[in-house]
Amino acid sequence: MPERGARMSMRWWGRRSAAAVLAAAVMAGCTTAAGQGDKAGGPGAPRALTLANGYANLDYEPAVAYFVDRVDEVSGGALRIEVAHEWGDFAVDSEQRVVRDVAAGKADLGWAGTRAFDSLGVRGFQALTAPLLVDSHALQGAVLDSGIPERMLPDLEPLGVTGLALLADGLRRPVGVRKPLLGPADWRGIAFGTARSEGQSSALRSLGAEPFEGLGPIRDRALEQGRIDGFEMYLIGHRINNYALRAPYITANVHLWPQTAALIADTDLLDGLTREQRGWLSEAATDAARRSPRLSDQESELVVQLCEAGVRFAMASAADLKGLRAAVRPEYARLGQDGRTKSFIAEIERLKAKLPRQPALDVPADCLV
């Protein structure tokens, strides 16, 4: 796989983003006409590409859903994305499987949380999910507009995939099963559910928790059996999964990290597409990235829905927040051992300092604990 990635690196990336390369290909006009050699079987027939989605549907991922629809729109139906849901069968490593299977050509496209790449040997995305750093949709938008994605995405080359775009996604907060998770004392010794990610597991250990890897049915069984005390989740996921009775406590003002999503493509697949087809993918991916901070920010309406379902929100005190930041300080020392990660974190901190203070989540008084 690394050898294949190096070969594709020369063909596609240099040190530029996928969107830039695709746009250059459109301008160059160096490929065959759209529709030639497509899956649908015949000149001019719509070309269908498969996108691997590890979740049950795309309701969890509005920006990915927008990308799928946008490809159909900009291509006038000549290029279609067929979404294959539950890719990886909700295994502990389902996100990593998406990446490996796209690289192997089992799916043409896919998405994975950037949290997953460190367990595949790619460290370049760790700053995006550094604990307690990216804490608003506005900051996600600033990061996406900063040029940081264009410098990160080429790190995917050795995996044999091409990064099309980074998408803003939901903010992951602590969810408590029996009580709210506020200051460090609430974290000490608990089993806490998370995705497979070296960075997230390390951060949870710095808070005093024991990471429990597992998404979907694995997490549900752990809840039924009383084996986890909490987990990280964004509001839309909490609502769709109906966790109000099983895990009713959400800490409103603790943002562990965002679930930044990476849109990826099989590099061989891209090489075989026409100029127009690559242009359509490029336009749709760029548009999805630009709109993703707004698409992922549905929190005001979700708060109302969750409150009606029985969720109760808690607010960590200033002392709690100070304690949490102190607890994760060793994690920043660990991340800082990688020079690029340290530089990205510093850049994100500068972007954060320039933003106006973001308003707190507006929670009705009768929904607070």
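These lines cover the structure that appears in this document, whether it is placed above or below.

Conventions used here
Residues numbered from 1 in each chain as written. Predicted model: local features only at pLDDT ≥ 70, side-chain atom pairs only at ≥ 80, totals over all residues. Heavy atoms only, no water. Helix = DSSP H or I, 4+ residues; strand = E, 2+ residues; numbered from the N terminus. Buried < 20%, exposed > 50% of the residue type's maximum accessible area, 1.4 Å probe, protein only. Axes fitted to C-alpha atoms, helices over the stretch in contact; angles between N-to-C directions. Left-handed = near helix turned anticlockwise from the far one by under 90°. Contact = heavy atoms within 4.5 Å. Nonpolar A, V, L, I, M, F, W, Y, C, P; charged D, E, K, R; others polar. 1 Å grid on protein atoms, 1.4 Å probe; cavity = no way out; pocket = protein on both sides within 12 Å on 5 of 7 lines; lining within 4 Å. Points joined across faces, edges and corners; volume = space filled by probe spheres on them. Disulfide = S-S within 2.5 Å. Phe/Tyr/Trp six-rings, centres within 6.5 Å; stacked < 30°, edge-to-face > 60°. Lys NZ or Arg CZ within 6 Å of the ring centre and 35° of its normal. Core = buried A, V, L, I, M, F, W, Y, C linked by side-chain atoms within 4.5 Å. Salt bridge = Lys/Arg side-chain N within 4 Å of Asp/Glu carboxyl O. Pairing = 2+ DSSP bridges.

## Brief notes about unusual backbone geometry
Then, number 1: Here Glu86, not a glycine, exhibits a phi torsion of approximately 55°, which is positive.
Then, number 2: Considering the arrangement of structural elements, one finds Glu86 in the loop between β2 (79-84) and α4 (94-103).
Then, number 3: You will see that Asn242, though not glycine, has its phi angle at about 55°, which is positive.
Then, number 4: Mapping Asn242 onto the fold places it in the loop between α10 (235-240) and β9 (249-251).
Then, number 5: Under the relative-accessibility criterion, Asn242 is labelled exposed at 58%.

## Regarding the packing of helix α3 (residues 62-74) against helix α12 (residues 275-296)
Then, number 1: Interaxial distance between α3 and α12 falls to 8 Å at its minimum, and their mutual angle equals 145°. You can see that α3 and α12 cross each other, and the crossing is right-handed. Where α3 approaches α12, its residues Pro62, Ala63, Tyr66, Phe67, Arg70, Val71 and Val74 are matched on the opposing element by Trp280, Leu281, Glu283, Ala284, Ala285, Asp287, Ala288, Arg291, Ser292 and Leu295.
Then, number 2: Split by residue class, the contact of α3 with α12 holds twelve nonpolar, one polar and four charged.

## Points about the layout of surface pockets
Then, number 1: Approximately 1000 Å³ is the volume found for the largest pocket.
Then, number 2: In terms of lining, the largest pocket is formed by 32 residues, of which the most central are Asp135, Ser136, His255, Gln358 and Pro359.
Then, number 3: Elements with a minimum of two residues in the lining of the largest pocket: α5 (137-145), β5 (171-176), α13 (299-309), α14 (318-327) and α15 (329-335).
Then, number 4: Per element, the largest residue contribution to the lining of the largest pocket is three residues, and it comes from α5.

## Let's talk about the state of the cysteines
Then, number 1: Across all of its chains, the model carries one disulfide by this definition.
Then, number 2: Note that Cys307 is cross-linked by a disulfide to Cys367, the S-S spacing being 2.1 Å. Looking along the S-S bond of the Cys307-Cys367 disulfide, the torsion reads about -100°, which is the left-handed sense. Of this pair, Cys307 sits in helix α13 while Cys367 is found in the segment after α16 (339-354), placing the two residues 60 residues apart along the sequence.
Then, number 3: By relative accessible area, which is 1% here, Cys367 ends up buried.

## Observations concerning the packing of aromatic side chains
Then, number 1: As enumerated under the stated definition, the model contains five aromatic pairs in all.
Then, number 2: Residues Phe117 and Phe125 carry aromatic rings whose centres are separated by 5.1 Å and whose planes lie at 40° to one another, so their mutual orientation is tilted.
Then, number 3: Here Arg172 stacks its cationic end above the ring of Tyr234, 4.7 Å away from the centre of that ring.
Then, number 4: Directly above the aromatic system of Phe231 lies the positively charged group of Arg219, at a separation of 5.4 Å from the ring centroid.

## A few points about the nonpolar core
Then, number 1: Among the nonpolar cores identified, the biggest contains 58 residues, and Leu51, Phe67, Leu109, Leu167, Leu281 and Phe313 are the most heavily contacted of them.
Then, number 2: Leave out the neighbours within four places in its chain, and Phe313 touches Leu235, Ile250, Ala252, Val303, Leu306, Cys307, Leu361, Val363, Cys367, Leu368 and Val369.

## Focus: the pattern of salt bridges
As a working rule, side chains carrying opposite charge can pair if their charged atoms are close by.
Then, number 1: Under the counting rule described, the total for this entry stands at 22 salt bridges.
Then, number 2: A salt bridge links Arg173 to Glu299, with the shortest nitrogen-to-oxygen separation between them at 2.8 Å. With Arg173 in strand β5 and Glu299 in helix α13, this residue pair connects regions lying 126 residues apart in the sequence. You'll find Arg173 and Glu299 in the same group, each marked buried.

## Considering α4
Then, number 1: Within α4, eight of the ten residues are buried, which leaves it mostly tucked inside the rest of the structure.
Then, number 2: All of the buried residues in α4 are Ser94, Glu95, Gln96, Val98, Val99, Asp101, Val102 and Ala103.
Then, number 3: Positive phi appears at Gly105, one or two residues downstream of α4, with a value of about 80°.

## Some thoughts on the sheet that holds strand β11 (residues 261-266)
Sheet strands line up and pair through hydrogen bonds in the backbone, either parallel or antiparallel.
Then, number 1: Strand order in the open sheet formed by five strands is β2-β1-β3-β11-β4, with mixed pairing between adjacent strands. The sheet is open, and its two edges are formed by β2 and β4 (161-167), each paired on a single side. Here the strands of the sheet are splayed against their neighbours by 25° on average, with no regard to which way each runs.
Then, number 2: Here two bridges tie strand β1 (residues 47-52) to strand β3 (residues 109-113), and the two strands are oriented parallel to one another. Bridging across to β3, Leu51 finds its partner in Leu109.

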